[in-house]
Protein chains: 2
Amino acid sequence: MIYLDNAATTGKKPPEVISAVNRTLNELSYNPGRGGHSPSVKAAEAVYSVRKKVASFFAAKGAERVIFTPSCTYSLNFVVKGIMHRGDHIIISSMEHNAVYRPVETLRKMGAEVDIAEVIFGDSEATVRSFKRLIKKNTRAIVLMHGSNVTGEIFPIEALGEVCNEKGILFVVDGAQSAGLIPIDMKKMHIDYLAVAPHKGMYAPMGTGILIANKDIPFPIIEGGTGSQSALPYLPEEYPERMESGTLNLPGIMGISAGIDFISKKGMDRMYRAEMGLVDRLYSGLKKIPNVQIYSEQPHLYKSLPVLSFNVKGKDSSRVAEYLNNKGIAVRAGLHCAALAHKRLGTVTSGTVRVSPSVFNTVADIDALLSAVKFMK
Amino acid sequence: MIYLDNAATTGKKPPEVISAVNRTLNELSYNPGRGGHSPSVKAAEAVYSVRKKVASFFAAKGAERVIFTPSCTYSLNFVVKGIMHRGDHIIISSMEHNAVYRPVETLRKMGAEVDIAEVIFGDSEATVRSFKRLIKKNTRAIVLMHGSNVTGEIFPIEALGEVCNEKGILFVVDGAQSAGLIPIDMKKMHIDYLAVAPHKGMYAPMGTGILIANKDIPFPIIEGGTGSQSALPYLPEEYPERMESGTLNLPGIMGISAGIDFISKKGMDRMYRAEMGLVDRLYSGLKKIPNVQIYSEQPHLYKSLPVLSFNVKGKDSSRVAEYLNNKGIAVRAGLHCAALAHKRLGTVTSGTVRVSPSVFNTVADIDALLSAVKFMK
């Protein structure tokens, strides 16, 4: 099977990652921060070293601001629902994933003001203007994805970060699709909260997520044992404890660590360029096939991620994906959990066929896909 | 190191569990319910088969009612915060873990009525009476742990389940410490919601949790992509999708499956009796050591779990645990994330030393512990 749905989760995990999980299960199945005995301390030290590595990878404020979560969806819920007071205003983009859209709709029902800023494809400045136009006195936060999980377009994080920084607005970035592929510098980009899906571009196991909270989270939604200040009927103020109730996914966390090592060893820029080379080839090839409509801009280094959406005119995306599946090629059809993006693209009914290579895909994979689409009846 | 903190997480995971995780990482790192291609379908089928296995293990209403969560803490937050309307009354026991106590305290702040029913040690009927006395017209739910994570005592789930069933009160059981050790039959015990920590008595990897919701959850707290009905701005009504936003922990879920197989193969009753034999030996041995105070009742089959708390008079629990740690024995000291239980026991200041064997511990482990305590100065 040629697997080209790596934007959902990277289908091939590096041997280093699998070994790290394996080693953790065999040697480090201990509950960090619980009990104070040597095995627990060893586990806590291991987790702390991963926090440091993650903090440095994303230029976070500090290791203690790195929160391990069950998935990027949880990271986004934690921040979106954790920072808004009654009557606050929040602006999200018209391309956001349901992991932002659905929580924000719940906030709206509970009395928050919500606005959706129109993303202008291929025009960063116009996109920033869309946001600026909506800023009000009570705007507490802006949420923008770093790159689209549907079209692959990279959005103007740095420029919007500056705007937020100037105006004292909290800036939340959904790095689900970008983290591990392109650099994210929270300091330079003025990102207050960064949500990450390590099981995608960072090649970690499924079941992992990261939230880096450079600023506080007044309203945590998950509460429980933190291994610290256990006599309190409420969560401690300290980070990351405040945001990490219950037992951590230690095998997953050690997998994240190995994923970062894998990227560092291979070279993030080199990996990214290789994948972009594949998407570029895909784009050019699809352009030549009549009846194919592409929803992504022409791939450009550091303007897009290795994710591309297309349709075959007159055919439902799921029919195309099914046909490709029968030819041994796995691509994702449908809405990709992003209702807003498809409203913006006009593809709510058909969905799109999404292709997303990883570093393990080859030119031959792309050519096989192109050839299959070409001969589809 | 002799590891006797298995109530925090079982320190040795069976080779079958590790293999299952390994196999999943190698062959099944695909996002179930996303995309419709064969790898995704294969992953969805694998997850569904685990749901069926879990449903049958706990006599749940159906496989679709088995919700995979990141940990038992999340399971408890999901249900406690998910079923209460404004003004509803909830009763919890005086032994509940912070994973129940802290969420319930937040509910109280938001307008819920909360009562704490006094557990009477060694007297099930009196404990049931404590709850019954507090039931009011607006009592929506009762939460009780199946067994204490501090003393190991098993509480009268079946009797309280009958009361709840008669009175139309939702019955929530925290099975964190009991699941995998003693049978839990949701039907027979009239349990509406069961929270499980598979990484403890079920020998699954850390980072796993289960919530079985035989009844609905009106207010989910985590929202995002569900791979279904993606065009909706809110979560679908269907279970388990409604409660499983974002990417699942597939390696962990397959680990749960292998954990159940491990228990079935070894025989749950046989495993339980072996562990209870160790705790019984521990109890008798500690009884003979002057200056030792035991907080657990005398171990009794199906009246207690293999968890025992003690203190050495005049010494802080952490000092005893540290001493044992230096002798190569890992036991947990402190409050065990259970503020209420220690209030009840009068050990909020000192904490307790907790010993919790797994099936991998031996008589020699217990004897080493006893000998060390005996010669402690």
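Quick note: structure is the one above.
Below or above, wherever it landed, is the structure these notes cover. Computed from a predicted model, the values in this text were never measured in an experiment. Residue positions are counted from 1 within each chain, in the order its sequence is given. Chains and ligands are labelled by the order in which they are written, letters from A for the one and numbers from 1 for the other. Local features in a predicted model are, by the rule used here, given only for residues with pLDDT of at least 70; side-chain atom pairs are given and counted only at 80 or more, and totals for whole chains, interfaces and linings are based on all residues. Note that the side-chain values use all heavy atoms of the structure and ignore hydrogens as well as water.

Turning next to the relation of the copies chain B and chain A. Only residues with pLDDT of at least 70 in both copies count here: their C-alpha atoms drive the least-squares fit that superposes the copies. Once chain B has been moved 0.0 Å along the axis and rotated by 180 degrees, it coincides with chain A to within an RMSD of 0.0 Å. Taken together, the rotation and translation relating the two chain copies correspond to the operation of a two-fold axis. Nearest to the rotation axis, the C-alpha of P70(B) is located 2.9 Å from it, this being the minimum over chain B. Working rule for contacts: check all heavy atoms of both residues, and any pair within 4.5 Å makes them a contact. Taken together, the interface assignments show that 100% of the residues at the interface of chain B recur at the interface of chain A, consistent with an identical surface on both copies.

The packing of two helices is summarised by the inter-axis angle and the distance between the axes. Residue and element names in this part refer to chain A. Axes here mean lines fitted to C-alpha atoms, for a helix over just the part in contact, with angles spanning 0 to 180 degrees between N-to-C directions. Runs of H or I in DSSP of at least four residues are treated as helices and runs of E of at least two as strands, each being numbered from the N terminus. With their axes 6 Å apart at the nearest point, helix α7 (residues 250–266) and helix α8 (residues 268–287) run at an angle of 80 degrees to one another. Relative to α8, the element α7 lies roughly perpendicular. Residue-level inspection shows F262, I263, K265 and K266 of α7 in contact with α8, the latter providing M268, R270 and M271. As a working rule, the residues Ala, Val, Leu, Ile, Met, Phe, Trp, Tyr, Cys and Pro are called nonpolar, Asp, Glu, Lys and Arg charged, and the rest polar, with Gly in that last group. In terms of residue class, the contact of α7 with α8 is made up of four nonpolar, no polar and three charged. Reported orientations rely on four angle classes, namely roughly parallel under 35 degrees, roughly antiparallel over 145, roughly perpendicular from 65 to 115, and oblique for the rest.

Position of S71(A) relative to the elements: it lies in the loop between β2 (66–69) and α3 (72–82). In contact with S71(A), not counting residues within four places along its chain, are T208(A), G209(A), G246(B) and T247(B).

With that settled, the discussion passes to the sheet that holds strand β9 (residues 292–294) of chain A. Residues and elements named next belong to chain A. Only strands joined by at least two bridges in the DSSP assignment are considered to pair. In spatial order, the strands read β9-β10-β12; together these three strands make up an open sheet with antiparallel pairing. A strand with exactly one partner marks an edge of an open sheet, and here the two such strands are β9 and β12 (353–355). Between one strand and the next, the sheet's axes are offset by a mean angle of 30 degrees, whatever the strand orientation.

Right, let's get into the pattern of salt bridges. All names here are of chain B. In the sections that follow, a salt bridge refers to a side-chain nitrogen of Lys or Arg positioned within 4 Å of a carboxyl oxygen of Asp or Glu. Enumeration over the complete set of coordinates arrives at 28 salt bridges over all chains. A salt bridge links K215 to D192; its shortest N-O distance comes to 3.2 Å. Taken as a pair, K215 in the loop between β8 (209–213) and α7 (250–266) and D192 in the loop between β6 (170–174) and β7 (193–196) lie far apart in primary sequence, 23 residues in all. Residue burial is assigned from relative accessible area. The probe radius is 1.4 Å, only protein chains are included, and a residue is buried under 20% of its type maximum, exposed over 50%, and partly exposed in between. Relative accessible area serves as the criterion here: at 11%, D192 is assigned to the buried category.

So, about the interface of chain B and chain A. Contacts between chain B and chain A engage 74 residues on the former and 74 residues on the latter. Summed over both partners, the accessible surface that disappears when two parts come together, traced with a 1.4 Å probe, is what is meant by buried area. Taken together, the two surfaces of chain B and chain A that pack against each other cover about 5800 Å², and 59% of this comes from carbon and sulfur. Three residues, R102(B), M206(B) and E223(B), lead the burial of chain B against chain A; their summed loss comes to 14% of the area buried on that side. The tally of links between chain B and chain A comes to two salt bridges. Of the charged contacts in the structure, one is a salt bridge between E223(B) and K81(A), with a shortest N-O distance of 2.5 Å. Identification of polar contacts relies on pairs of N or O atoms within 3.5 Å, with a donor-acceptor requirement for protein atoms, meaning one able to donate a hydrogen and the other able to accept it, and with residues adjacent in sequence counted only if both atoms are side-chain atoms. Scanning the region where chain B abuts chain A turns up 26 residue pairs in polar contact (both at pLDDT 80 or more). Looking at the side of chain B that touches chain A, the elements with two or more residues in it are α1 (15–27), α2 (38–58), α3 (72–82), α4 (98–109), α7 and β12 (332–334) of chain B. With eight residues, α4(B) is the largest single contributor of residues to the side of chain B that touches chain A. Residue composition of the side of chain B that touches chain A, grouped by class: 35 nonpolar, 30 polar and nine charged.

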